[in-house]
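The lines below spell out each chain.
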Amino acid sequence: MEAIIRPSSDLRNHYNEISRQCREERTPVIITVNGRGDTAVMGLQDYYQMQSELELLKTLAEAEEDAANGRTAPVKESFDNIRQALTERETV
């Protein structure tokens, strides 16, 4: 997805157009000040998706590090521990 570059004056003068472009075309817009990139504008749906993807990547990196360092347990044991923790939570 190629970002569109627009001057900061467009944010003020053409906000509705930029907003529509971000939402409908799902294209980010880079706002420039004095010819240099300053701000990125994106649709809210894309922002939430990006946040979710970053969280997933972080979780996967942590899991990969755990596996590389031998911090693993059998699946059955892990699920038994989770079930026990959930059961204890329900009784509190």
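No experiment lies behind these values; they were computed from the predicted model shown.

A.B. asks: Which parts of the structure should I look at to understand the packing of aromatic side chains?
C.D. replies: We describe a pair of aromatic rings using the distance from one ring centre to the other and the angle between the two ring planes. What the rule picks out here adds up to 1 aromatic pair. Where Tyr47 meets Tyr48, the ring centres are 5.8 Å apart and the plane angle is 55°; that geometry is what we call tilted.

A.B. asks: What's the story with the side chain of Asp10 in this structure? I'm lost.
C.D. replies: Within the secondary structure, Asp10 sits in helix α1 (residues 8-13). Aside from chain neighbours lying at most four places away, what touches Asp10 is Tyr15 and Ile18.

A.B. asks: How should the sheet that holds strand β1 (residues 4-7) be read in this particular structure?
C.D. replies: Whether parallel or antiparallel, the strands of a sheet pair through hydrogen bonds between backbone atoms. Spatial strand order, β1-β2-β3: 3 strands in an open sheet with mixed pairing. Of all strands in the sheet, those bounded by a partner on one side alone are β1 and β3 (36-41). Averaged over all neighbouring strand pairs, the angle between strand axes comes to 35°, with direction disregarded. Bridging between strand β2 (residues 29-33) and β3 involves 5 bridges; their strand directions are antiparallel. Directly across from Val33, in β3, lies its bridge partner Arg36.

A.B. asks: Help me understand the pattern of salt bridges in this model?
C.D. replies: A pair can form between side chains of opposite charge whenever their charged atoms are brought close. By the definition in use, this model includes 9 salt bridges. With a closest N to O distance of 3.6 Å, Arg71 and Glu65 form a salt bridge. By relative accessible area, Arg71 is classed as partly exposed at 47%. Here Asp80 ties to Arg83 by a salt bridge, and the two come within 3.4 Å at their closest N and O atoms. Of the two residues, Asp80 and Arg83 are both situated in helix α4 (residues 75-91); the distance of 3 residues between them amounts to about one turn of the helix. The exposure class of Arg83 is exposed, given its relative accessible area of 52%. Ionic contacts of the salt-bridge type, sharing partners, join the residues Arg6, Asp10 and Glu17 into one network.

A.B. asks: Explanation requested: the side chain of Arg6 in the structure shown.
C.D. replies: Checked against the element boundaries, Arg6 lands in strand β1. Arg6 gets classed as buried once you look at its relative accessible area, which sits at 10%.

A.B. asks: Explanation requested: the pairing of β2 in the structure shown.
C.D. replies: Two faces make up the sheet, and in a regular strand the side chains alternate between them. With 4 bridges connecting them, β1 and β2 associate as parallel partners. In the sheet register, Ile4 faces β2, and the bridge partner there is Val29. Here β2 folds back onto β3 in antiparallel fashion, the turn holding 2 residues, of which Asn34 has a positive phi close to 55°.

Conventions used here
Residues numbered from 1 in each chain as written. Predicted model: local features only at pLDDT ≥ 70, side-chain atom pairs only at ≥ 80, totals over all residues. Heavy atoms only, no water. Phe/Tyr/Trp six-rings, centres within 6.5 Å; stacked < 30°, edge-to-face > 60°. Helix = DSSP H or I, 4+ residues; strand = E, 2+ residues; numbered from the N terminus. Contact = heavy atoms within 4.5 Å. Pairing = 2+ DSSP bridges. Axes fitted to C-alpha atoms, helices over the stretch in contact; angles between N-to-C directions. Salt bridge = Lys/Arg side-chain N within 4 Å of Asp/Glu carboxyl O. Buried < 20%, exposed > 50% of the residue type's maximum accessible area, 1.4 Å probe, protein only.

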